[in-house]
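Residue-level structure breakdown
Here is what each chain is made of, one letter per residue.
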Amino acid sequence: PGRVEILEALWDAFPGRIQIGFAQVQEEAVASLFLIGFGPRCTFWKKGWNSQEAARHANCLLNVAALRRAADQGYRFVDFGALDRPLAETLLAGRSPTPAQQQSRHTFNLRLGAQPKLLPANYTGFVASDNSFYKPIRDAGLATGKLGAK
């Protein structure tokens, strides 16, 4: 999350279900990963690295370690949170990705075993109803003050 307030709202909305991992090279954090557990699913929601120490593949190692940890904790599915829609449509149609698509950040998730699944094209907002599955997600989003129910 871009602001501490959002992190705090998520932490409160998902007690015991958030994990934050870091990869370090000599005392310096070079990669991080923010995970949220939802029932049998572990969502790799935010990740990033500073591109330093690229030859050590810290970002990849962090993600592989998180995959193993998720399995050890009993999660049956991993959701990588996003995949470029045109890339997903290309793959689902059985076509090869373009060179530009192959260079995108989304290809990283595919190398970790991600499989594309499309949401409806107009899925852009938080669910307004008090559905128990979506309630923690909705509450966290609304707590930011930047998002509204649709």
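Conventions adopted
- Residues numbered from 1 in each chain as written.
- Predicted model: local features only at pLDDT ≥ 70, side-chain atom pairs only at ≥ 80, totals over all residues.
- Heavy atoms only, no water.
- Phe/Tyr/Trp six-rings, centres within 6.5 Å; stacked < 30°, edge-to-face > 60°.
- Helix = DSSP H or I, 4+ residues; strand = E, 2+ residues; numbered from the N terminus.
- Buried < 20%, exposed > 50% of the residue type's maximum accessible area, 1.4 Å probe, protein only.
- Lys NZ or Arg CZ within 6 Å of the ring centre and 35° of its normal.
- Expected span 1.5 Å × (residues − 1).
- Arc of directions from axis to C-beta.
- Contact = heavy atoms within 4.5 Å.

As a further point, take the packing of aromatic side chains. Evaluated as defined, the whole model comprises three aromatic pairs. Both rings, one in Phe44 and one in Phe80, keep their centres 5.5 Å apart while their planes meet at 65°; by these two values the pair is edge-to-face. Placement of Phe44 in strand S3 (residues 41–49) and of Phe80 in the loop between strand S4 (77–79) and helix H3 (85–92) is noted, with a sequence separation of 36 residues between them. Judged by relative accessible area, Phe44 falls into the buried class, the value being 0%. The positively charged end of Lys46 is found above the aromatic ring belonging to Trp45, 4.9 Å away from the centroid.

Attention now goes to helix H2 (residues 58–72). With 15 residues, H2 extends 21 Å between its outermost C-alpha atoms, agreeing within 8% with the 21 Å of an ideal straight helix rising 1.5 Å per residue. Along H2, the positions that sit buried rather than exposed are Ala58, Asn59, Leu62, Asn63, Ala66 and Ala70. Down the axis of H2, the buried set is contained in an arc of 130°. They therefore lie on one face. Of the exposed residues in H2, the ones pointing more than 90 degrees away from its buried face are Leu61, Arg68, Ala71 and Asp72. Buried residues along H2 sit in contact with strand S1 (18–25), strand S2 (28–38), S3, S4 and helix H5 (106–111).

Everything listed here is a matter of coordinates, which is why it stays silent on function.
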